[in-house]
Amino acid sequence: MAQITMRQAISDALWEEMERDEKVFIMGQEVGVWGGTYAVTKGFYDHFGEKRVRDTPIAEAAIVGGAIGAAMVGLRPVAELMTINFAFVAMDHIVNEAPKLRYMFGGQMKVPMVIRTVGGGGRQLGATHSQTPDAIFAHFPGLKVVAPGTPADAKGLLKSAIRSDDPIMFIEHSTLYQTRGEVPEGEHLVPIGKSVVQRPGEHVTIATYSKMLQVSLQAADELAKEGIQAEVVDLRTLRPLDMDPVVESFKKTNRAVVVEEGWRSYGVGSEVTARLYEQAFDYVDAPIRRVAQKEVPLPYNRTLEQSALPQVADVIQAVKEVL
Amino acid sequence: MVLIRRVEERAAELYQQGLIGGFLHLYIGQEAVSTGLVATRQPQDRLITAYRDHGVALNVGISADQVMAELLGKATGISKGKGGSMHMADVTKNYWGGHAIVGAHLPIAAGMALGDKYMDSDGITICMFGDGATNIGFFHEALNLSKVWDLPVLWVCENNQYGMGTAVDRHSAVVEIRQKAEGYQIPNLRSDGMDLMNVIAETEKALEHIRAGNGPYFLELMTYRYRGHSMGDPERYREKDEITRWQKNDPIGIYHRYLLKEKIATKANLDKVEKEVETEVEAAVEFAQNSPEPAPEELYTDIYVEGS
């Protein structure tokens, strides 16, 4: 298998799905002539043309709302929001229209749309451009929220998302584009709504996703040097959330740490922790710990910013606390 | 138009009896607008509107039974009792709802028109909204996109003079709403929305313009709602005289006078229609009241597409 970057994996998924199905098209800011602000759609405009690679105005409600309308009448739009921070200005369409149309009209409509967007801090972009608000979007029934942590999953999940008949928020991480990994060539599909064990272990369960999967895997490597074997479970999809591999792992290790990049309050860690207590209370040997971002708007200064974001050392410390 | 009025008058009574919950926004007074649009559109033309949607639903051919059952939240309602007053659609009739967030359906309408253009269909999306919706960002993003991409969409502003209880001159910097379309270089017209034959004539021209490949068109139709914004409206913002003045210009009255003058119908014909409608509405109320509640398991259906 080839070692490729996350950027390439996502780009390949889009390219293959557009080749496979004429109804798939891309719309968003700078996706065309520019080639995508993260260069994911570089070369698409020349190959697929302006009909299928559509540059939009800076008007997020029109991007998401337009994609919803096109999806309702039979197309399969991939709407790109340059960053997840801009999703807030399209919030009504993301959480109040797309996930509800099918239900409200008694099953008459479907909205096969993917919103591709980029979240995460660590690039000194300041408080308004550095957020990881994934949990907010996972709050709404009717929307599916996918956030891959490896190139292989990014490719397989994006291809599945484009083929799904439901509205899907596909959240990439801005500091993962250069991350390399093995990716099967050609038809590679990963099911949405399935968590997976990325690294087996017996002493402690680490449940995480996206960028924090990579951080957690590094922490697990460090811990292994001390003889601590952490089992790392990648959630991959935040809604619908598949707890089975997490619970199964926890029943074996009886100890867990949940790692996310977003703020701790009302977050993914809160949800996973609560579900572990609900579903496996008899197996708890130590209080479950949450590792998350400090509860501050992210500062510009690099040192301050990094001190607010969860680091490998924070995961290691949390693991040691539960052991 | 007579059917719409009688269904809604009856719905208001049922609301007061507590049989209809939530909001109920009546269309009484504005009937000529959607009647004219629906009479003029072709089968491939899509229609989408805001929350004042019962009249539009009846016009596209959703039965009084299905409308009434939806208002009563019954399983036989057009949206299986899960949508209510503001969410009625029938995609088999190319009618895409009933949308409750002011202005949010405008970008969606632009997207539907994009779909038709993308698929080389000659369908046009007709998107209705009130004057109150023209101040929100959605409106401007959607109009701009429709012009930038030359989308086949007919924007129809039903100017009923008030955004809820705030008069146009108190909520909009330009009182002539069509001027906002001017700002996006979208051809536009302000016209009488109380006279059905006028609505039909202007809609025909607008659809012809769009179908010829000229991109969007904007129609501002002047109309008036006789009832409150919704059922809980104290109506402190207008005088009774104003309503009476508009009622002299009633869309049903104008149309009936036209039919009689042109000898298209006789008084006897019109009386017969009125009687038939009364029977139809009473049957619809009975149908709705006798219909079952949605099954408990309906709570969990239609959230995601099965197997997707």
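Bear in mind the structure is a predicted one, so any value in this text is a computation, not a measurement.

### Regarding helix 10 (residues 268–280) of chain A
All names here are of chain A.
- Compared with an ideal rise of 1.5 Å per residue, which puts 13 residues at 18 Å, helix 10 spans 18 Å between its outermost C-alpha atoms and is within 8% of the ideal.
- Every buried residue belonging to helix 10 is among Val268, Gly269, Glu271, Val272 and Leu276, and all of these are buried. Projected down its long axis, helix 10 shows its buried positions confined to an angular sector of 165 degrees, all on one face. Those residues of helix 10 that are exposed and angled more than 90 degrees off the buried face are Ala274, Tyr277 and Glu278.

### Here's the deal with the domain arrangement of chain A
Residues and elements named next belong to chain A.
- Split into domains, chain A comes out as domain 1 (2–183) and domain 2 (196–322).
- The C-alpha-based centres of domain 1 and domain 2 are spaced at 26 Å.
- Listed as interface residues are 26 residues of domain 1 and, on the opposing side, 23 residues of domain 2.
- Elements supplying a minimum of two residues to the side of domain 1 that touches domain 2: helix 6 (134–137), strand 6 (144–146), helix 7 (151–163) and strand 7 (168–173).
- The greatest single-element share of the side of domain 1 that touches domain 2, amounting to three residues, is contributed by strand 6.
- Grouping the constituent residues of the side of domain 1 that touches domain 2 by class yields twelve nonpolar, eleven polar and three charged.

### What to know about the sheet that holds strand 13 (residues 256–263) of chain A
Residues and elements named next belong to chain A.
- Spatially, the five strands line up as an open sheet ordered 9-11-10-13-14, and their pairing is mixed. At either end of the open sheet lies a strand with only one pairing partner, and these are strand 9 (196–199) and strand 14 (289–293). The average angle at which neighbouring strand axes cross in this sheet is 25 degrees, direction not considered.
- Direction of pairing for strand 10 (residues 204–208) relative to strand 11 (residues 230–234): parallel, over a ladder of five bridges. Considered in strand 11, the bridge of threonine 208 is made with aspartate 234.
- Of the strands in this sheet, strand 10, strand 13 and strand 14 are in contact with helix 10, which crosses strand 13 at around 155 degrees.

### A look at unusual backbone geometry
- Residue A:Pro240 is reached from A:Arg239 by a cis peptide bond, and omega for that bond is -5 degrees.
- Along the chain, A:Pro240 falls in the loop between strand 12 (237–239) and helix 9 (244–253).
- Even without being a glycine, B:Asp150 presents a positive backbone phi close to 50 degrees.
- Secondary-structure assignment places B:Asp150 in the loop between helix 6 (137–148) and strand 4 (153–159).
- On the basis of neighbour counts, which here come to 14 C-beta atoms within 10 Å, the residue B:Asp150 falls in the partly exposed class.
- With phi around 80 degrees, B:Gln161 is a residue other than glycine that occupies positive phi space.
- As for its placement among the helices and strands, B:Gln161 is situated in the loop between strand 4 and strand 5 (162–163).
- B:Gln161 sits in the partly exposed class, given 17 other C-beta atoms within 10 Å.

### So, the sheet that holds strand 2 (residues 95–98) of chain B
Residues and elements named next belong to chain B.
- Judged by pairing direction, the sheet is parallel, and its six strands sit side by side in the order 2-1-3-4-8-7 without closing on themselves. Looking at the sheet topology across the chains shown, the edges are occupied by strand 2 and strand 7 (188–192). If you compare each strand with its neighbour and ignore which way they point, the axes differ by 15 degrees on average.
- Judged from the five bridges that link them, strand 7 and strand 8 (residues 217–222) form a sheet pairing that is parallel. Along strand 8, the bridge assignment pairs arginine 190 with glutamate 220.
- Sitting on the sheet, helix 9 (residues 196–214) is in contact with strand 4, strand 7 and strand 8, with an inclination near 170 degrees to strand 8.

### Thoughts on helix 2 (residues 31–40) of chain B
- Of all ten residues in helix 2 of chain B, eight are buried; the element is thus mostly enclosed.
- Where helix 2 of chain B is concerned, the buried positions are B:Glu31, B:Ala32, B:Val33, B:Ser34, B:Thr35, B:Gly36, B:Leu37 and B:Val38.

### Notes on the packing of helix 3 (residues 60–72) of chain A against helix 5 (residues 105–118) of chain B
- In contact at an axis separation of 6 Å, helix 3 of chain A and helix 5 of chain B are set at 50 degrees when each is read in the N-to-C sense. Relative to helix 5 of chain B, the element helix 3 of chain A is oriented oblique. As helix 3 of chain A runs across helix 5 of chain B, the sense of the crossing is right-handed. The residues of helix 5 of chain B that touch helix 3 of chain A, namely those facing A:Ala61, A:Ala62, A:Gly65, A:Gly66, A:Ala67, A:Ile68, A:Gly69, A:Ala70 and A:Met72, are B:Pro107, B:Ile108, B:Ala109, B:Ala110, B:Gly111, B:Met112, B:Leu114 and B:Gly115.

### Observations concerning the interface of chain A and chain B
- With 33 residues of chain A in contact, the opposing surface of chain B contributes 34 residues.
- Mapped onto the side of chain A that touches chain B, the elements with two or more residues apiece are helix 3, helix 4 (91–97) and helix 5 (101–104) of chain A.
- Counting residues per element, the side of chain A that touches chain B draws most heavily on helix 3 of chain A, at nine residues.

Calculation rules
- Residues numbered from 1 in each chain as written.
- Chains lettered and ligands numbered in written order.
- Predicted model: local features only at pLDDT ≥ 70, side-chain atom pairs only at ≥ 80, totals over all residues.
- Helix = DSSP H or I, 4+ residues; strand = E, 2+ residues; numbered from the N terminus.
- Expected span 1.5 Å × (residues − 1).
- Buried ≥ 20, exposed ≤ 12 C-beta atoms within 10 Å, placed from the backbone.
- Arc of directions from axis to C-beta.
- Domains from an automatic or database assignment.
- Contact = placed C-beta atoms within 7 Å.
- Nonpolar A, V, L, I, M, F, W, Y, C, P; charged D, E, K, R; others polar.
- Pairing = 2+ DSSP bridges.
- Axes fitted to C-alpha atoms, helices over the stretch in contact; angles between N-to-C directions.
- Parallel < 35°, antiparallel > 145°, perpendicular 65-115°, else oblique.
- Left-handed = near helix turned anticlockwise from the far one by under 90°.

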